[in-house]
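Fold and contact review
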Amino acid sequence: MPASVETWRCFVAVPTPPVLRQSLADAIGMWRAQALVPDLRWTDPDSWHVTLAFIGGVGPGRVPPMVEGLQAAVRPFGPFTVPTGRVGAFPRPGAATTAWYGVSDPEERLAALAAAVCDAVLPPDERPRFRPHLTIGRSRVHWGEPLGPWLATLAAPDGELPVSEVVLYRSHLGRGPARYESLASMPLGGAESGGA
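The rules we used
Residues numbered from 1 in each chain as written. Predicted model: local features only at pLDDT ≥ 70, side-chain atom pairs only at ≥ 80, totals over all residues. Heavy atoms only, no water. Helix = DSSP H or I, 4+ residues; strand = E, 2+ residues; numbered from the N terminus. Rg over C-alpha atoms; globule rule 2.2 N^0.38 Å. Buried < 20%, exposed > 50% of the residue type's maximum accessible area, 1.4 Å probe, protein only. Contact = heavy atoms within 4.5 Å. Lys, Arg positive; Asp, Glu negative; His and termini not counted. Charge placed at Lys NZ, Arg CZ, Asp CG, Glu CD. Phe/Tyr/Trp six-rings, centres within 6.5 Å; stacked < 30°, edge-to-face > 60°. Core = buried A, V, L, I, M, F, W, Y, C linked by side-chain atoms within 4.5 Å. Expected span 1.5 Å × (residues − 1). Salt bridge = Lys/Arg side-chain N within 4 Å of Asp/Glu carboxyl O. pLDDT = per-residue confidence, 0-100.

The next subject is the overall build of the chain. Looking only at helices and strands, the chain has four helices and nine strands in total. Taken from the N to the C terminus, the helices and strands of the chain come in the order β-α-β-β-α-β-β-α-β-α-β-β-β. A compact globule built from 196 residues should have a C-alpha radius of gyration of about 16 Å, and the chain, at 18 Å, falls within 12% of that. Each of the three principal axes of the chain carries a C-alpha extent, and together these read 50 × 50 × 30 Å. Considering the chain as a whole, with its 196 residues, one finds that 45% of them fall into the buried category. Considering only residue pairs separated by 6 or more positions, the chain has 76% of its internal contacts joining residues 24 or more positions apart. Here the chain holds 17 positive side-chain charges and 18 negative ones, and the gap between their average locations is 7 Å.

Have a look at this one:
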């Protein structure tokens, strides 16, 4: 019987800077004390990121060429900043499985970066619609939560997301929340700066 081939669950994302992470974590701490707060599984602030491309299972041997492709893909982009704010839900507030914090992309620079990243790591038929956000909570029931009344009461903090690098992450699943391991960081406009 052949040995099983190890695969790593990988994705490419923009990490969240400490200032934005703390501001949003403070707001969520206040929201959780409110009467209308839903019974969500809140995500760990250290795991917050804006996903550019979900790759899925890959063999460890594919990682080095993937990093090279990502380096080339992000080299033409200089660092930039996009505004953040407001809270919403997927797929809809009345039956939400995911609560998110919004990332705006008025000049579509983040969308262009996501497209370049997808070109480097995904086949053309596996590129989902890009909706930049930070996942802040997930429903405990598979049919979703009615989040509309809660969302209507929120005043989400405005902020900024500096986009100066993309990170290739490996997701470790198991008991408890997923843990994300940085495999390589690619600064915009530069060469790879290393991994964990």
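On we go from here.
This brings us to the packing of aromatic side chains. Tallied over the entire structure, the rule returns six aromatic pairs. Seen from their ring centres, W31 and W150 are 6.1 Å apart, and the 85 degrees between their planes marks the pair as edge-to-face. Of this pair, W31 sits in helix α1 (residues 18-31) while W150 sits in helix α4 (residues 148-151), and the two are 119 residues apart along the sequence. When sorted by exposure, W31 lands in the same class as W150, which is buried. Arranged with centres 5.9 Å apart and planes meeting at 70 degrees, the rings of W42 and W150 form a pair that is edge-to-face. Here W150 lies in helix α4 and W42 lies in strand β2 (residues 40-42), a separation of 108 residues in the sequence. Each member of the pair, W42 as well as W150, is classed as buried.

With that settled, the discussion passes to the nonpolar core. Counting residues in each nonpolar core, the largest one holds 54 residues, and the members touching the most others are L110, L113, I136 and L168. Here this core gets seven residues from one element, more than from any other, and that element is helix α3 (residues 109-121). Setting aside residues no more than four positions away along its own chain, I136 makes contact with L24, I28, W31, R41, W42, T43, W48, V87, A99, W100 and Y101.

The terminal C-alpha atoms of α1, which comprises 14 residues, lie 20 Å apart, in line with the 20 Å expected from a rise of 1.5 Å per residue. Close packing links the buried residues of α1 with β2, β4 (80-90), β5 (98-103), β6 (133-139), α4 and β7 (159-163).

Mapped onto the elements, L113 comes out in helix α3. Owing to a relative accessible area of 0%, L113 belongs among the buried residues under this scheme. Sequence separation between L113 and G137 is 24 residues; the distance between their C-alpha atoms is 25 Å. The residues contacting L113, other than those within four sequence positions of it, are L52, V74, F77, F80, V163, V166 and L188.

What follows deals with the pattern of salt bridges. When their charged atoms lie close together, side chains carrying opposite charge are able to pair. One pass over the structure, following the stated rule, counts three salt bridges. Notably, a salt bridge pairs R21 with D46, separated by 3.8 Å at the nearest N-O pair. Here R21 is found in helix α1, whereas its partner D46 is found in the loop between β2 and β3 (49-58), with 25 residues between them in sequence. R140 is paired through a salt bridge with D39; the nearest N and O atoms lie 2.9 Å apart. Placement of the pair is R140 in the loop between β6 and α4 and D39 in the loop between α1 and β2, with a sequence separation of 101 residues.

Moving on, we get to the environment of V67. If you trace the backbone, V67 turns up in helix α2 (residues 63-74). Between the C-alpha atom of V67 and that of G57, which follows or precedes it by ten residues, the distance is 15 Å.

Once that is clear, we can look at the confidence of the model for the chain. Detailed conclusions should not be drawn from predicted coordinates in areas where pLDDT is low. Taken as a whole, the chain shows an average pLDDT of 90; of its residues, 94% reach a score of 70 or greater. Here residues 191-196 is a poorly scored stretch, pLDDT under 50, and it has 17 contacts once near neighbours within four places are set aside; other chains count.

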